[in-house]
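As a plain string of letters, each chain reads:
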Amino acid sequence: MAAASFAGFPFSSEGLAKQLGFVGTAAAATSHTYVKAEIQKIYAQLSATDVTYLQNYKNEVAGLKQDKFESIFAPVLGKIQLKVELSPDEKATSLKLFQSVSSVVYDVYANNTDVLKNIRSDKDNVALFNKIATAAGVTELSFDDILDFFFASNGVEAELRALLNGKSTTDLINIYKNPASRKTLVKDAVYKVLEHRIGTGALTVSGAVYNLGITADDLVQTFDNVNTEIKSAGPAAKALALAYLSAYPLTTGGGSTGGGGTGGGVITNPTTTPGVYDVSGLVSVVGDKATLKLVDADVIKAFDALLAANPGKTGLTLTLNLGTVNAKTVEVPLSKAIIEAAKAKGIANIAVTFNGLTVTIPVSQFSDAVTLTVTNEADTTVTSLTSLKLASKVYTFDLTVGGVKTTTFKQPLAIKLPLVNAASLDKELLSVTKIVYKDLQFQGGVVDGEFIVEPRDTFSSYAVLENKVNFSDIASVQAWAGRQIQVVAAKGAIEGVGASKFAPKSNVTRAEFSKMLIRALNLENSTATESFNDVASTAWYAPYVAVAAEKGIVTGRSASQFDPNATITRAEMATMIARAVKSVNSGATAGDASSLTKFSDAAKIAASLKDGVAFAASHNLVIGNAGKFNPNNTATRAEAAVIIYRTINFK
C-alpha cells in the first residue's frame, strides 16, 4: 500500500465514483469499468522508459524475500504485533498482498480490474483483515477500506491534492526536488486522514490505525523504507506520479509554466516545468517519420520560465520532451529564431528527449537553424558484425545547420541512450559504439542508472555493447590490475598489442597516455588543434594530444616539442591525471601537500610535478608501493590501466 499511495491511483470505488461525479451505492458498484479507463488514462502518459521503470519495480517486489519485507514494514507490523500475534503464514499473506497491490499499480500489462477482484476475494486476505479488525476494535476491515484510506474523497490522495492545490509553480518545483519537503507533505496528509476516524465520512482504516497505535510517522517511515530498500521504487514512483499529475492536473497559484499549457493557472503536464517543455502534442507522424512542429514564441516563453526559476544561474538546459513517439525516424527542427533567442538569453543547451533517448545540443556554436534527425535502425546493423551483447537499440544521428548536413561539432553533443535488459549486463563493460563502414569503434560512456551518456563531437550510427575483452598475458597482474584492464579496454581507452596480448609490463609513451586519458574521460574533440613541430597532423595520436594540450592537461617539452614517443614517468602520469580530473570536475577539492609525506621518496618528485602528485595521492588516484611512490620510474601499461580506471570512477 505504501507503493500504491505514491502512485495516486483512484482505485477505490467510492473515491473514483465521487471523482467522476457519481453518488450513491449503485454508482460505486458499477465504477470498475471507469477504474480501468482511468488507469489507462494514466498509463497513456508514460514513456517507454517509464514503463520499464514500472516493470522493474513490479519484478523487484515480486522477488522480495519475507525477512526484507518485514524489515521494510516494521513500523506498521511492529505496532500490529503489540495487539495481536501474526503467524508466519499471516505475515506471508501480508507480503503476498503487498506484491499483489504492486502488480496492480506497476504492471501496465495486467488486467487491473481482475487483479483487484482477486485481492478482494482471496480467503487469506479476508482472514487477515478480520483478525486485524478484531485487534483494532473495528466492526470489519476489507480491502476496499484500505483503498478508501488512500484514495477516497477524504483519503491520502485527496488530502495531498488539497495541500498542493493553490501552491505556486515555484513551490511545487521545490517540493518535487526536495525529499524532506515531500516527506513533510505526505506526513501532513496522513495526519489529516487519521483524523477521519469518527463521525460523518469516517474511514475504517483511520479508526483501526489509531486504535493500533500506528502513527503518521510510522506510515511515512514505511514509505521511506520502501523507497530506500527497494532500489527501483524511486524511479517507478516518480514516473507514475508525473503521469498521474499529467492525467489529473493540479490547479496552481502561479499560472502556466510556459509552453504547452492552457493558461488559467493549470499545469496541463507536470513536465511542463521550467527546464522541461512538454511538446508531445506538437509531434505529427506521417508513415515512418515523426516531425516536431514548434511554435517559436512558445519555446521562447519556456526559455523565460526557465530563467525566472533559476535567477543568476548559467549553463541552463531546456529539454523538449516529445514523450513516446511511434515512428522509425524522428525529426526535430529548431528555427534560427529559437537558436538566436537561446543564445541571447544565455540558455546553454537545448535537449531533445523521446522514448527514453536524449540528445543535448550546445547552442552557442550555431548561428542558423538546426535540425536533429534520429533514426532507429535494425539490430542486425550491429549483431551481424559482432557476437558481443547488444545493450541498446541502434540509432543513426544526423544534424543539419542551415540545411547543410554537419557531422563535426566544436562543442560535443551529448547522447543519452536507454539500456536494454540492463539487469543482465555487466555495466562496467558497457561502451557506446560507433558503427563506421561495418567497423565497430568503442567510445566509452558513463553509465547513469538505466542509461549511458557519451558526448560526441561527430555524428554517425551508435549503439551500446557489452564489450568483454580478454587478454591471455595478464595473469601476473590479475590480482591488482586484471579487472581494471578489462574495464578500460572495454571503454576503448586502452587497446591490446595484437593476438589477444596486452603487454601489461611494457612502458607507456606520452602519446599513448594522452589517448588513454582523453578517451577515458570522453574529452575527444576533433576541432582541437596543437602546434607541436613533432606531432604530425596525420599521426594517430594527433587529435588526442591536441585536446590534452588545449585543456592544459599536458605540456610539451618545450613550446614546439611534445616528444610523443618518450616514455612517461609515474609522476608525469599522476600530474596529467590531476589536471584532467580538475578540467572535468571544477568542484574537485585541492590536493593536500601532506599526502606526500606517506612516500619515503617524495623528495625525488620534481618540483613542477609535486602539486599534481599531491592531488592524485589525496584522492587515491595513485597509491605507492611499500611506502614509496617511485616517481621517476617509467609507468607500465598495467599501472596506466589502473590509474585510468580510478579516474573513470572519480567522484
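Quick caveat: nothing in here was measured; it's all calculated off a predicted structure.

Draft legend 1. Structural view of the overall build of the chain. Looking only at helices and strands, the chain has 26 helices and 17 strands in total. Buried residues in the chain amount to 51% of all 651 residues. In the form shown here, the chain has an accessible surface area of approximately 27,900 Å², with 52% of it arising from carbon and sulfur atoms.

Draft legend 2. Quick peek at unusual backbone geometry. Here Lys438, not a glycine, exhibits a phi torsion of approximately 65°, which is positive. For Asn620, which is not glycine, the phi torsion reads 55° and is therefore positive. On the basis of relative accessible area, Asn620 is assigned to the partly exposed category, the value being 47%.

Draft legend 3. Structural view of the packing of aromatic side chains. Taken as a whole, this structure holds 12 aromatic pairs when the rule is applied. Look at Tyr53 and Phe451: their rings are 6.5 Å apart centre to centre, the planes differ by 75°, and that puts the pair in the edge-to-face class. Placement of Tyr53 in helix H5 (residues 48–62) and of Phe451 in strand S16 (residues 451–458) is noted, with a sequence separation of 398 residues between them. A connected cluster of aromatic rings, assembled from ring pairs, spans Tyr395, Phe397, Phe409, Phe459 and Tyr462. Its end group placed over the ring of Phe562, Arg510 keeps NZ or CZ at 4.5 Å from the ring centre.

Draft legend 4. Broad picture of the pattern of salt bridges. In total, this model carries 19 salt bridges according to the counting rule given. Salt-bridge contacts for Lys345 lead to Asp304; the nearest nitrogen and oxygen are separated by 2.7 Å. One end of the pair, Lys345, is in helix H19 (residues 336–345); the other, Asp304, is in helix H18 (residues 296–309), with 41 residues separating them in the sequence. When its relative accessible area of 34% is taken as the criterion, Asp304 is described as partly exposed. One salt bridge connects Asp563 with Arg557, and the closest N-O pair in it is separated by 3.4 Å. Within this structure, Glu454, Arg456, Arg519 and Glu524 form a network of salt bridges that share partners.

Draft legend 5. Highlighting the confidence of the model for the chain. On average, residues of the chain score 81 in pLDDT, and 83% of them reach the 70 mark or higher. Contacts of residues 1–35 to residues separated by more than four positions or lying in other chains number 82 contacts, the stretch itself having pLDDT below 50. In this model residues 254–272 is a low-confidence stretch, pLDDT under 50, and it forms 44 contacts with partners more than four residues away in sequence or in other chains.

Draft legend 6. Representation of the sheet that holds S16 in the model. Reading across from one edge, S1-S4-S6-S7-S12-S16-S15 is the order of the seven strands in this open sheet, with mixed pairing throughout. The open sheet terminates on both sides in strands that have one partner only, identified here as strand S1 (276–278) and strand S15 (446–448). Taking each pair of neighbouring strands and ignoring which way they run, the sheet shows an average axis angle of 25°. Where strand S7 (residues 357–362) meets strand S12 (residues 408–418), three bridges bridge the pair, whose relative direction is antiparallel. Across the sheet, Thr358 pairs through a bridge with Lys416, a residue of S12.

Draft legend 7. Structural detail: helix H24 (residues 570–584). Spanning 15 residues, H24 covers 21 Å between terminal C-alpha atoms, matching the ideal 21 Å at 1.5 Å per step. Counting buried residues in H24 gives 11 out of 15 residues, a clear majority hidden from the surface. Residues Arg570, Ala571, Glu572, Met573, Ala574, Thr575, Met576, Ile577, Ala578, Ala580 and Val581 constitute the buried set of H24.

Draft legend 8. Structural detail: the pairing of S12. Two elements, S12 and S16, share seven bridges in a ladder whose sense is antiparallel. Each residue of the ladder has a partner; that of Thr408, found in S16, is Thr458.

Draft legend 9. Examining H18 more closely. For H18, which comprises 14 residues, the first-to-last C-alpha distance of 20 Å matches the rise-based estimate of 20 Å (1.5 Å per residue) to within 8%. Every buried residue belonging to H18 is among Val299, Ala302, Phe303, Ala305 and Leu306, and all of these are buried. Looking straight down H18, one finds that the buried residues subtend no more than 165° of arc, so they occupy a single side. Across H18 from its buried face, at more than 90 degrees, point the exposed residues Lys301 and Ala308. Where H18 is buried, its residues meet S1, strand S4 (316–323), H19 and strand S6 (347–354).

Draft legend 10. Representation of the packing of H24 against helix H25 (residues 610–618) within the structure. Where H24 contacts H25, the two axes come as close as 8 Å, and the packing angle between them is 70°. Classified by the angle between their axes, H24 and H25 sit roughly perpendicular to one another. On H25, the residues touching Ala571, Ala574, Thr575, Ala578, Val581 and Lys582 of H24 are Gly612, Val613, Phe615 and Ala616.

Draft legend 11. Inspection of the packing of helix H21 (residues 478–490) against helix H26 (residues 637–648) at higher detail. The geometry of H21 relative to H26 is characterised by a closest axis approach of 8 Å and an angle of 65° between their N-to-C directions. What the angle tells us is that H21 and H26 run roughly perpendicular. Considering only the axes of H21 and H26, their crossing is left-handed. Only Ala638, Glu639, Ala641, Val642, Ile644, Tyr645 and Ile648 of H26 make contact with H21, whose side of the interface consists of Trp480, Ala481, Gln484, Ile485, Val487 and Val488. In the contact of H21 with H26, the residues fall into 11 nonpolar, one polar and one charged.

Draft legend 12. Molecular detail of the nonpolar core. Ranked by size, the top nonpolar core spans 68 residues in total, and within it Ile485, Phe513, Leu517, Ile553, Ile577, Phe629 and Ile644 carry the most contacts. When residues of this core are traced back to their parent elements, those giving at least two are H21, helix H22 (510–520), helix H23 (542–550), H24, H25 and H26. Ranked by residue count, the leading element in this core is H24, at eight residues. Apart from the residues within four sequence positions on either side, Phe513 is in contact with Val508, Ile568, Met573, Met576, Ile577, Ala640, Ile643 and Ile644.

So, how was this worked out
- Residues numbered from 1 in each chain as written.
- Predicted model: local features only at pLDDT ≥ 70, side-chain atom pairs only at ≥ 80, totals over all residues.
- Heavy atoms only, no water.
- Helix = DSSP H or I, 4+ residues; strand = E, 2+ residues; numbered from the N terminus.
- Buried < 20%, exposed > 50% of the residue type's maximum accessible area, 1.4 Å probe, protein only.
- Areas by Shrake-Rupley, 256 points an atom, 1.4 Å probe, with all protein chains shown as cover.
- Phe/Tyr/Trp six-rings, centres within 6.5 Å; stacked < 30°, edge-to-face > 60°.
- Lys NZ or Arg CZ within 6 Å of the ring centre and 35° of its normal.
- Salt bridge = Lys/Arg side-chain N within 4 Å of Asp/Glu carboxyl O.
- pLDDT = per-residue confidence, 0-100.
- Contact = heavy atoms within 4.5 Å.
- Pairing = 2+ DSSP bridges.
- Axes fitted to C-alpha atoms, helices over the stretch in contact; angles between N-to-C directions.
- Expected span 1.5 Å × (residues − 1).
- Arc of directions from axis to C-beta.
- Parallel < 35°, antiparallel > 145°, perpendicular 65-115°, else oblique.
- Left-handed = near helix turned anticlockwise from the far one by under 90°.
- Nonpolar A, V, L, I, M, F, W, Y, C, P; charged D, E, K, R; others polar.
- Core = buried A, V, L, I, M, F, W, Y, C linked by side-chain atoms within 4.5 Å.

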